[in-house]
Amino acid sequence: IWCSIDIRRAACEMVSLLLRAGHTRIATWGRLQTFRLDQEKLAGYRDAFAQAGMAVPEDLVFDDEIIGELDGFVPALFATDKRPSAWFGMTDEYAMRLAKVVRELGFRIPEDLSVVGMDDNEASHLFHPPLSTVRIPFSRAGVVAVDLLMRLIDNPDQTAGHVLLAHELVHRESDIPHRS
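Residues numbered from 1 in each chain as written. Predicted model: local features only at pLDDT ≥ 70, side-chain atom pairs only at ≥ 80, totals over all residues. Heavy atoms only, no water.

The next subject is the overall build of the chain. Of regular secondary structure, the chain possesses six helices and eight strands. Along its sequence from the N terminus, the chain presents helices and strands in the succession β-α-β-α-β-α-α-β-α-β-β-α-β-β. By principal-axis analysis of the C-alpha atoms, the chain measures approximately 60 × 30 × 30 Å. The buried share among the 180 residues of the chain stands at 48%. (Helix = DSSP H or I, 4+ residues; strand = E, 2+ residues; numbered from the N terminus. Buried < 20%, exposed > 50% of the residue type's maximum accessible area, 1.4 Å probe, protein only.)

In structure tokens form, the structure reads like this:
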């Protein structure tokens, strides 16, 4: 039994939104060796660049196992002229942590760096500025999964169900078109 969204497609759509807004230096960081979902989101990130006919900026793809935590490497990254114009947070938490570090360095969100996330967690709309994100219907997924489980309990010969739910891109104030 599983009930989810197409994580890879959702990530691709969010990164594509940034690409259409003129951002080509889009950074991302994740727990790529540890979390399968971060691997799926990275695949979606790569898909967006491929669909746009662009090379992935490999110098902006960061794995926590290799580079470490955000607050450790971000100051050096933002001290260069090769810093990103946008950041794809594989989760809202990652995006908000990154935004905090960047603001402490004196950069403004979204004027100096557009930031987006995935989850639409409780804090994302309270964050300053409110975070653009992918809404994942967690509550709906739970209800559907329980319904599927109850059907399996009532009908043990039935095959397990799989449900793919719709996600939604939520545009708030943390991203703007890239200024050349």
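Back to the text.
Turning next to the sheet that holds strand β4 (residues 86-89). To summarise the sheet geometry, strands pair through backbone hydrogen bonds and adopt either a parallel or an antiparallel arrangement. Reading across from one edge, β3-β2-β4-β5 is the order of the four strands in this open sheet, with parallel pairing throughout. Lying at the two open borders of the sheet, with one neighbouring strand each, are β3 (61-63) and β5 (114-116). Between one strand axis and the next, the sheet turns through 15 degrees on average, direction left out of account. The pairing of strand β2 (residues 26-30) with β4 spans four bridges and is classified as parallel. Of the residues in β4, the one forming a bridge with Thr28 is Phe88. Those strands touched by helix α1 (residues 7-20) are β2, β4 and β5, and its axis lies near 170 degrees from that of β4. The sheet contacts of helix α4 (residues 70-77) involve β2, β3 and β4, and relative to β4 the element is tilted by about 165 degrees. (Pairing = 2+ DSSP bridges. Axes fitted to C-alpha atoms, helices over the stretch in contact; angles between N-to-C directions. Contact = heavy atoms within 4.5 Å.)

Side chains that are three or four residues apart share a direction in an α-helix, a result of its 3.6 residues per turn. The terminal C-alpha atoms of α1 lie 20 Å apart, and with 14 residues this matches the ideal 20 Å at 1.5 Å per residue to within 8%. Those residues of α1 not exposed but buried are Ile7, Ala10, Ala11, Cys12, Met14, Val15, Ser16, Leu18 and Leu19. Gly22 sits one or two positions beyond α1 and adopts a positive phi of about 95 degrees. (Expected span 1.5 Å × (residues − 1).)

Moving on to the pairing of β4. Covered by surrounding structure in β4 are Ala86 and Phe88 together with Trp87 and Gly89, the residues of both alternating faces. With helix α5 (residues 92-104) bridging β4 and its parallel neighbour β5, the resulting β-α-β unit is right-handed. (Right-handed = clockwise from strand over helix to strand, strands pointing away.)

Moving on: the packing of α4 against α5. Where α4 meets α5, the closest approach of the two axes is 10 Å, and the angle between their N-to-C directions is 50 degrees. Between α4 and α5, the interaxial angle falls into the category oblique. Considering only the axes of α4 and α5, their crossing is right-handed. Residues Leu70, Asp71, Val74 and Pro75 of α4 pack against Tyr94, Arg97, Leu98, Val101 and Val102 of α5. (Parallel < 35°, antiparallel > 145°, perpendicular 65-115°, else oblique. Left-handed = near helix turned anticlockwise from the far one by under 90°.)

On to the environment of Val102. Among the structural elements, Val102 can be located in helix α5. In this structure, the C-alpha to C-alpha distance between Val102 and Arg31, residues 71 residues apart in sequence, is 20 Å. Ignoring sequence-local partners within four residues, the contact set of Val102 consists of Val74, Phe78, Phe107, Ile109 and Leu113.

Counting through the fold element by element, Arg172 comes out in the segment after β8 (168-170). Judged by its relative accessible area of 16%, Arg172 is buried. Looking at Arg172, its side chain comes within polar contact range of the side chain of Asp120, at 2.8 Å. The contact partners of Arg172, leaving out residues within four places of it in the chain, are Asp120, Ser124, His125, Pro130, Leu131, Ser132, Thr133 and Arg135. (Polar contact = N/O pair within 3.5 Å; in protein donor to acceptor, adjacent residues only side chain to side chain.)

Without other data, these values stay purely geometric and don't point to any function.
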